[in-house]
Amino acid sequence: MLKPRKVPMRMCVGCREMKPKRELLRIVRNQQGEVKWDPVGKAPGRGAYVCRSRACFTRAVKAKQLQRALEHPVEESVFEKLLEEIAAHEQTNPEEEATTSQAGKSPCRP
Ligand SMILES: [Zn+2]
């Protein structure tokens, strides 16, 4: 019984748009009260999400949206990690803007 996988949607704290979870960066506050980037998206704890976009990230940082969503201060090193990730993403997808909204077509991979 193979059900088609639904795409989980989460809200970016920068632009407040709902996006597929896998397109977003997840920042998590774990039970020890540490705030970290969660590259796998499965770490336990309270999560906040932001697009892999410098604009969204900058907006989220300036408005302290991550702190607000996590109800916890966020260390500078976390922001640095996220910026690195965004920069790497920009290099691999230089012109990727909001044109990839064909979520209906999901190829069945083995
Ligand atoms: Zn965004």
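Residues numbered from 1 in each chain as written. Predicted model: local features only at pLDDT ≥ 70, side-chain atom pairs only at ≥ 80, totals over all residues.

What follows concerns the sheet that holds strand β4 (residues 35-37). The three strands lie next to each other as β4-β3-β5, forming an open sheet whose pairing is antiparallel. Strands with a single pairing partner mark the edges of an open sheet, and in this sheet they are β4 and β5 (46-51). Each strand of the sheet is rotated relative to its neighbour by a mean of 25 degrees, with strand direction disregarded. Two strands pair when backbone bridges link them, and strand β3 (residues 24-29) and β4 are joined in this way by three bridges, in the antiparallel orientation. Counterpart to R29 in the pairing with β4 is V35. Across the sheet, helix α3 (residues 76-92) lies against β3 and β4, angled at about 15 degrees from β4, the strand it touches most. (Pairing = 2+ DSSP bridges. Helix = DSSP H or I, 4+ residues; strand = E, 2+ residues; numbered from the N terminus. Axes fitted to C-alpha atoms, helices over the stretch in contact; angles between N-to-C directions. Contact = placed C-beta atoms within 7 Å.)

Another aspect to go through is the pairing of β3. Counting buried residues in β3 gives six out of six residues, a clear majority hidden from the surface. Covered by surrounding structure in β3 are L24, R26 and V28 together with L25, I27 and R29, the residues of both alternating faces. In this sheet, β5 lies alongside β3 in antiparallel orientation, the contact comprising six bridges. Looking at the pairing, R29 lines up with R46 of β5. (Buried ≥ 20, exposed ≤ 12 C-beta atoms within 10 Å, placed from the backbone.)

This part takes up helix α1 (residues 54-62). Of all the residues in α1, the buried ones are C56, F57 and A60. When α1 is viewed along its axis, its buried side chains cluster within an angular range of 100 degrees and face the same direction. α1 presents A55 and K62 as exposed residues on the side facing more than 90 degrees away from its buried surface. A positive backbone phi angle near 55 degrees is found at K64, which sits one or two residues after α1. (Arc of directions from axis to C-beta.)

With that out of the way, let us pick up the nonpolar core. Membership of the largest hydrophobic core comes to 18 residues, with the highest contact counts inside it found for C12, V13, Y49 and V50. Listing elements by their share of this core, those giving two or more residues are β3, β5, α1 and α3. If sequence neighbours within four positions are ignored, Y49 has contacts with R10, M11, C12, V13, L24, L25 and R26. (Core = buried A, V, L, I, M, F, W, Y, C linked by C-beta atoms within 7 Å.)

Our focus in this paragraph is the confidence of the model for the protein chain. Low-pLDDT stretches of the model should not have their predicted coordinates read in fine detail. Overall, the predicted model of the protein chain reaches an average pLDDT of 88, with 85% of residues at or above 70. When the criterion is pLDDT under 50, residues 98-104 qualifies, and its contacts beyond four places in sequence or with other chains add up to two contacts. (pLDDT = per-residue confidence, 0-100.)

As for its position among the elements, K62 is in helix α1. You can call K62 exposed: it has 9 C-beta atoms within 10 Å. In this structure the C-alpha to C-alpha distance between K62 and G14, which are 48 residues apart in sequence, comes to 9.5 Å.

Attention shifts here to the packing of α1 against α3. Think of two packed helices as two axes; the pair is described by the angle between the axes and how far apart they sit. Packing of α1 against α3 brings their axes to within 10 Å, and their N-to-C directions diverge by 165 degrees. As the angle between them shows, α1 and α3 are arranged roughly antiparallel. Remark: the crossing between α1 and α3 carries left-handed chirality. Contact residues: R54, F57 and V61 in α1; F79, L82, L83 and I86 in α3. Of the residues in the contact of α1 with α3, the class split is six nonpolar, no polar and one charged. (Parallel < 35°, antiparallel > 145°, perpendicular 65-115°, else oblique. Left-handed = near helix turned anticlockwise from the far one by under 90°. Nonpolar A, V, L, I, M, F, W, Y, C, P; charged D, E, K, R; others polar.)

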